[in-house]
Amino acid sequence: SSATGNYTSVRPVRTSAGTWTVFYKVEKTNYETVTGSSTIKIQKKAIPSIKLSTNVYTYTGRKIKPRITCSGLKEGQNYTVEYANNYMPGSGRITVTGVGNYSGKRTAKFTIVPKAVAKVSAVLYGHNDVKITWQSSKGASGYKVYIKQGTGSYRLEKTTKGLSYRAENLKEGKTIAVKVVPYV
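Residues numbered from 1 in each chain as written. Predicted model: local features only at pLDDT ≥ 70, side-chain atom pairs only at ≥ 80, totals over all residues. Heavy atoms only, no water.

Chemist: Looking at this structure, how should I read the sheet that holds strand S12 (residues 130–133)?
Modeler: Through backbone hydrogen bonds, the strands of a sheet pair up, either in parallel or in antiparallel fashion. The 3 strands are arranged S11-S12-S15 in an open sheet whose pairing can be described as antiparallel. Unpaired on one side and paired on the other, strand S11 (121–124) and strand S15 (164–167) mark the two borders of the sheet. Each neighbouring strand pair of the sheet contributes to a mean axis angle of 20°, computed without reference to strand direction. Where S11 lies against S12, 4 bridges are found, and the strand directions are antiparallel. (Pairing = 2+ DSSP bridges. Helix = DSSP H or I, 4+ residues; strand = E, 2+ residues; numbered from the N terminus. Axes fitted to C-alpha atoms, helices over the stretch in contact; angles between N-to-C directions.)

Here it is as structure tokens:
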């Protein structure tokens, strides 16, 4: 802390970012003693890349806070985390900001998808028609209705913003299966 302190032959080790003054004294028999100081600056390191535990989450009614890893650094000690748009279905964002010996920002995006629809029902409505109804899924912009007839594959039948759909002219004598998938 000053030129009059104790001197040692140990090399100074600084790991904290900032500006430091190192005082020195060089002594040798039959030579003049030299003292002085040198200012060194330790730069902050840039925040390394971040990784999310997963990129897709299902709407829960609570704020989604994905777990992140940041190359061995510790939250609160080396970085802070801010979340945005992490409640409703759609695109959320995490911003990691360096603190202490770290600087800069990193962002990552994640997706919140609506919950699966509940209480899907299909009721015969005429000769070869079926009326399909379902309950809303919070945050969904609309729904995709898929129908499978017999042992065939599911086929997208309709994209709608409503909570019902009337499938017409289905194949007679075939069992049908229905899936309703919400989207944002």
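Chemist: I tried to follow the packing of aromatic side chains on my own but got confused; where do I start?
Modeler: The geometry of two aromatic rings is summed up by the distance between their centres and the angle between their planes. Summed over the entire model, instances satisfying the criterion amount to 3 aromatic pairs. Where Tyr57 meets Phe110, the ring centres are 5.8 Å apart and the plane angle is 85°; that geometry is what we call edge-to-face. Of this pair, Tyr57 sits in strand S5 (residues 56–58) while Phe110 sits in strand S10 (residues 105–113), and the two are 53 residues apart along the sequence. On the accessibility criterion, Tyr57 (15% relative accessible area) is buried. Over the ring of Tyr146 we find Lys179; its NZ or CZ atom is 5.9 Å from the centre of that ring. Positioned above the aromatic ring of Tyr154 is the side chain of Lys179, whose terminal nitrogen or guanidinium carbon lies 4.4 Å from the ring centre. (Phe/Tyr/Trp six-rings, centres within 6.5 Å; stacked < 30°, edge-to-face > 60°. Buried < 20%, exposed > 50% of the residue type's maximum accessible area, 1.4 Å probe, protein only. Lys NZ or Arg CZ within 6 Å of the ring centre and 35° of its normal.)

Chemist: Help me out: how do you make sense of the pairing of strand S13 (residues 142–149) in this one?
Modeler: The side chains of a regular strand alternate between both faces of the sheet. Here S13 runs beside strand S16 (residues 176–183); their pairing, made up of 8 bridges, is antiparallel. Bridged to Ile147 within S16 is Val178. Pairing of S13 with strand S14 (residues 155–160), which is carried by 5 bridges, proceeds in the antiparallel orientation. Residue pairing for S14: Lys144 is matched across the bridge by Thr159.

Chemist: Would you explain the pattern of salt bridges in this entry?
Modeler: Any two side chains of opposite charge can pair, so long as their charged atoms come close to each other. Overall, the coordinates contain 4 salt bridges when judged by the stated rule. Between Arg166 and Asp129 there is a salt bridge, with its nearest N and O atoms 3.0 Å apart. Residue Arg166 is located in strand S15, and its partner Asp129 is located in the loop between S11 and S12; the two are separated by 37 residues in the primary sequence. For Arg155, the salt bridge is made with Glu157, and the minimal N-O distance between the two is 3.0 Å. Residue Glu157 is classed as partly exposed on the basis of its relative accessible area, which comes to 21%. (Salt bridge = Lys/Arg side-chain N within 4 Å of Asp/Glu carboxyl O.)

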